[in-house]
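The primary structure of each chain is shown beneath.
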Amino acid sequence: MVYPVIWHNNSVSLIDQTRLPNEYTVVEIHRSEDMAQAIKTMIVRGAPAIGVAAAYGMYLGAREIETTDTREFWERLEKVAQLLRSTRPTAVNLFWAISRMMKTAYETPGTVEDIKQNLFQTAQAINAEDLQTCQAIGDHGLAVLPTTPEKMTILTHCNAGALATAGYGTALGVVRSAWREGRLERVFADETRPRLQGAKLTAWECVQENIPVTVITDNMAAHCMKQGLIHAVVVGADRIAANGDTANKIGTYSVAIAAKAHDIPFFVAAPLSTVDFELTDGSQIPIEERNPVEIYQVGNTILTPAGVDFYNPAFDVTPANLITAIITEHGAFTPDNLVKLQSSSVI
Ligand code: MRU
């Protein structure tokens, strides 16, 4: 199993996901500014993983603040929080983790040193909890996956695996659990243009664990469904609105439409920290737009003629009515039942 974010030798070790699968390199992060840059440039990516990374980024920022005055410490920590919040707008886990760290800072009694110590412990807890959450998501997924055929194929989009979380993964967590139980024949991984997280990262993770994986280009998914090659779709999420509308990697929406057209169940696997109960529906989810170079350049090759325009949204929103169930660490829920969780004791 890979762990993309770990605390090691008084700093944070990140697997550099921009270099996989060709190079496995680890980047050591010592300062909050460097963590912000690593999130922005996608050295670390995937909603839960950037939440964990941001939590450590908050601690790295906190330990640099040299004051014994609690009020001044809070003010300067807010600046660290602002910097980390400005990195990527869509995944709510980032904002969730930073808020939890700020709350820790405000509510810890004692000296600035006590607060710093508690911030470190909270970052460690966020990391450990996410790993457990993913394992629970994986196992809850088993209850809702189709029971026929005995061994199924699962299509996934982007990378919602160990690399995108503290470990184990959300969508790939369900895949891992199905594989462990002998219920998986193979994974189909959409390559996921423009950054190719499916071809590069999901495929790499599966190869590490000998899970059979077939990479297809994004425009092949509907065809594969029609051919009867896909039994279920499982994807991750960057932000889920209270009504179940789900933002995930660009292209997820088309996969959901194709799944509906072929009567194939479409599951979203995500921790409850990905649900933003403040948003009533998906139209309120901010969608990151990235540099067009991601579209027009592959390696050193420019693909398009000069003079064309580009549009590069990094995420899209799948409407709740296309989602069979949302698999969380507390079980699987139909999108319309999600809101009931807010008033229940689980969160
Ligand atoms: O732009 P990325 O690579 O950070 O996008 C990642 C995704 O869209 C994932 O599917 C999502 O964050 C869920 S990760 C468990």
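Remember, it's a predicted structure, so these values are computed and weren't measured experimentally.

A. The arrangement of the overall build of the protein in detail. When you go through the protein residue by residue, the secondary structure sums to eleven helices and 16 strands. Its C-alpha atoms give the protein a radius of gyration of 20 Å, near enough to 20 Å, the size a compact globule of 347 residues would have. Classification of the 347 residues of the protein by burial places 55% in the buried group. Sequence separation of at least 24 residues holds for 75% of the intrachain contacts in the protein that already meet a minimum separation of 6. Just so you have it, the protein exposes about 14,700 Å², and 51% of that area is on carbon and sulfur atoms. Where the 27 positive side-chain charges of the protein centre and where its 38 negative ones centre are 2 Å apart.

B. Expanded view of the domain arrangement of the protein. On domain assignment, one finds that the protein holds domain 1 (5-133) and domain 2 (146-343). One C-alpha centre belongs to domain 1, the other to domain 2; they are set 26 Å apart. Across the contact, 27 residues belong to domain 1 and 29 residues belong to domain 2. Here domain 1 meets domain 2 over a buried area of about 2,300 Å², counting both sides, of which 58% is carbon and sulfur. Of all residues in domain 1, the largest losses of buried area upon contact with domain 2 belong to Arg 45, Thr 90 and Val 92, amounting jointly to 25% of the total for that side. Taken together, the connections running from domain 1 to domain 2 amount to one salt bridge. Between Glu 288 and Arg 88 there is a salt bridge whose closest N-O contact spans 2.9 Å. There are twelve residue pairs in polar contact (both at pLDDT 80 or more) connecting domain 1 and domain 2.

C. Spotlight on the site of the ligand. Neighbouring the ligand are 18 residues, the closest being Ala 47, Arg 88, Asp 238, Asn 248 and Lys 249. Between the ligand and Ala 47, the relevant distance is 2.8 Å, taken from an oxygen atom to a main-chain nitrogen or oxygen of the residue. Here an oxygen atom of the ligand sits 2.8 Å away from a polar atom, N or O, in the side chain of Arg 88. Contact with the protein chains hides 99% of the accessible area of the ligand, taken as 410 Å² for the molecule alone.

D. Spatial organisation of the side chain of Asn 312. When you line up the elements, Asn 312 lands in the loop between strand 13 (301-302) and strand 14 (315-318). For Asn 312, a relative accessible area of 5% translates into the label buried. If we skip the residues at most four places from it in the chain, Asn 312 touches Pro 194, Glu 288, Glu 289, Arg 290, Asn 291, Pro 292, Glu 294 and Ile 295.

E. Structural detail: the packing of helix 2 (residues 47-64) against helix 3 (residues 70-85). Interhelical geometry of helix 2 versus helix 3 gives an angle of 145° and a closest axis separation of 9 Å. Here the hand of the crossing between helix 2 and helix 3 comes out right-handed. In contact with Ala 54, Gly 57, Met 58, Gly 61, Ala 62 and Glu 64 of helix 2, helix 3 contributes Phe 73, Arg 76, Leu 77, Val 80, Ala 81 and Leu 84. Class assignment for the residues of the contact of helix 2 with helix 3 results in eight nonpolar, two polar and two charged.

Thresholds, definitions, all that
- Residues numbered from 1 in each chain as written.
- Predicted model: local features only at pLDDT ≥ 70, side-chain atom pairs only at ≥ 80, totals over all residues.
- Heavy atoms only, no water.
- Helix = DSSP H or I, 4+ residues; strand = E, 2+ residues; numbered from the N terminus.
- Rg over C-alpha atoms; globule rule 2.2 N^0.38 Å.
- Buried < 20%, exposed > 50% of the residue type's maximum accessible area, 1.4 Å probe, protein only.
- Contact = heavy atoms within 4.5 Å.
- Areas by Shrake-Rupley, 256 points an atom, 1.4 Å probe, with all protein chains shown as cover.
- Lys, Arg positive; Asp, Glu negative; His and termini not counted.
- Charge placed at Lys NZ, Arg CZ, Asp CG, Glu CD.
- Domains from an automatic or database assignment.
- Buried area = accessible area lost by both parts, 1.4 Å probe.
- Salt bridge = Lys/Arg side-chain N within 4 Å of Asp/Glu carboxyl O.
- Polar contact = N/O pair within 3.5 Å; in protein donor to acceptor, adjacent residues only side chain to side chain.
- Near = heavy atom within 4 Å.
- Axes fitted to C-alpha atoms, helices over the stretch in contact; angles between N-to-C directions.
- Left-handed = near helix turned anticlockwise from the far one by under 90°.
- Nonpolar A, V, L, I, M, F, W, Y, C, P; charged D, E, K, R; others polar.

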